[in-house]
Amino acid sequence: MSTPAHARDEGDHDRARQAVEAGQILPLRTLLERLEREQPGQVMEVDLEREDGQWLYEIKLLQAGGQLVEFKVDAKSARVLSRKEKTSERQRHRDGAR
């Protein structure tokens, strides 16, 4: 699994680094390694957010067959909180052609 080499901006990077150093979240690499065991795919996008006092990673993976899946993951435990499949226009067209 490849990891995106950039954050949305420097503030995101600094905020994530500080949260890792404070033990509030797992390093992204650790979290992605755990996620890949159950959900292999290519990382397309990662966002770190704080909702209701909880750190969450929102991760979009491109899986086999071109399926785009978005996960909300607890950033401290790596527990998947939600999984949402997104069908691409190309996939909808291909499925409709059957």
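Because the structure is predicted, anything quoted here is derived from the model rather than measured.

A.B. asks: I'd like a rundown of the confidence of the model for the protein, residues and numbers included.
C.D. replies: Summing up the model confidence of the protein, the mean pLDDT is 83 and the portion of residues at 70 or higher is 77%. Mean pLDDT across the elements of the protein ranges from a minimum in helix α3 (residues 89–96), with 59, to a maximum in strand β3 (residues 67–74), with 95. Across residues 1–7, where pLDDT falls below 50, the model places 14 contacts with residues more than four positions away in sequence or in other chains.

A.B. asks: A description of the sheet that holds β3 should follow, citing residues and the corresponding values.
C.D. replies: Read from one edge of the open sheet, four strands run β1-β2-β3-β4, paired in antiparallel fashion. Every interior strand has two partners, whereas the edge strands, β1 (42–51) and β4 (80–86), have only one. Each adjacent strand pair in this sheet contributes to an overall mean axis angle of 15°, direction not counted. Pairing analysis gives nine bridges linking β1 to strand β2 (residues 54–63), with the strands arranged antiparallel. Its bridge partner being in β2, Gln 42 is matched across the sheet by Leu 62. On top of the sheet, helix α2 (residues 28–38) reaches β1, β2, β3 and β4; it is set at about 50° to β2, its chief contact.

Definitions and limits used
- Each chain has its residues counted from 1, following the order in which its sequence is written.
- In keeping with the predicted nature of the model, local features appear solely for residues at pLDDT of at least 70, side-chain atom pairs appear and are counted solely at 80 or more, and the whole-chain, interface and lining totals rest on all residues.
- Here the side-chain values reflect all heavy atoms present in the structure, with hydrogen atoms and water set aside.
- Each residue gets a pLDDT score, which is the predictor's confidence in that residue and runs from 0 to 100.
- Elements are defined by DSSP. Helices are runs of H or I of four residues or more, strands are runs of E of two residues or more, and each kind is numbered from the N terminus.
- Contact criterion: two residues are considered in contact whenever any of their non-hydrogen atoms come within 4.5 Å of each other.
- DSSP bridges decide pairing: two strands pair if at least two such bridges lie between them.
- Between N-to-C directions, angles cover 0 to 180 degrees, with each direction set by a line fitted to C-alpha atoms, over the stretch in contact for helices.

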